[in-house]
Amino acid sequence: MAKLITTPNLPDPDGFYEELLAAHDGLSKAESDALNARLILLLANHIGDLQALRQALAAARREGPEAELKAP
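To start, this report covers the structure provided alongside it. Given the structure is predicted, the values throughout are model-derived calculations rather than measurements. (Residues numbered from 1 in each chain as written. Predicted model: local features only at pLDDT ≥ 70, side-chain atom pairs only at ≥ 80, totals over all residues. Heavy atoms only, no water.)

The next thing to look at is the overall build of the protein. Helix and strand content of the protein: three helices and zero strands. Counting helices and strands in the order they occur from the N terminus, the protein gives α-α-α. Expressed as a percentage of the 72 residues in the protein, the buried residues total 10%. Carbon and sulfur atoms form 61% of the exposed surface of the protein, whose accessible area is close to 6,200 Å². (Helix = DSSP H or I, 4+ residues; strand = E, 2+ residues; numbered from the N terminus. Buried < 20%, exposed > 50% of the residue type's maximum accessible area, 1.4 Å probe, protein only. Areas by Shrake-Rupley, 256 points an atom, 1.4 Å probe, with all protein chains shown as cover.)

Turning our eyes to something else, we now look at a negative patch on the surface. A grouping of Asp 12, Asp 14, Glu 18 and Glu 19 is seen on the molecular surface, where their side chains present a negatively charged patch. With respect to the helices and strands, Glu 19 occurs in helix α1 (residues 13–24). (Patch = residues over 30% accessible without salt bridge, like charges linked within 9 Å, V, L, I, M, F, W, Y side chains within 5 Å. Salt bridge = Lys/Arg side-chain N within 4 Å of Asp/Glu carboxyl O. Lys, Arg positive; Asp, Glu negative; His and termini not counted. Charge placed at Lys NZ, Arg CZ, Asp CG, Glu CD.)

Right, let's get into the environment of Leu 53. Note on placement: Leu 53 falls in helix α3 (residues 50–61). Residues Leu 53 and Lys 3, spaced 50 residues apart in sequence, show a C-alpha to C-alpha distance of 9.4 Å.

A word on the side chain of His 24. Counting through the fold element by element, His 24 comes out in helix α1. Residues in contact with His 24, not counting those within four places in the same chain, are Ser 32, Leu 35 and Asn 36. (Contact = heavy atoms within 4.5 Å.)

Here we come to the pattern of salt bridges. For the coordinates displayed, the defined rule picks out one salt bridge. Here Asp 33 and Lys 29 are joined by a salt bridge, their closest N and O atoms 3.0 Å apart. Within this pair, Asp 33 and its partner Lys 29 are both found in helix α2 (residues 29–47), separated by four residues, close to a single helical turn. With a relative accessible area of 63%, Lys 29 lands in the exposed category.

Before going further, it helps to examine the side chain of Ser 32. Tracing the backbone through its elements, the reader meets Ser 32 in helix α2. Polar contacts involving the side chain of Ser 32 include one to the side chain of His 24, which spans 2.5 Å. Setting aside chain neighbours within four positions, we find Ser 32 in contact with His 24 and Leu 27. (Polar contact = N/O pair within 3.5 Å; in protein donor to acceptor, adjacent residues only side chain to side chain.)

Written as structure tokens, this is what we have:
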């Protein structure tokens, strides 16, 4: 059972963010929401660890700095 990684773990987080925004270019709100839902389900399937996914859900629901990624 994996523990959710909340420290920065992407080699190019800004690059990924730009690609994520670009994927939404030209989409309506409904299309953008559907893209996000499909992406979440694809990544959840890739992760495949229900405990880590539950930790991610809990972290995403929290508000404030504790919900953000923590620097190492």
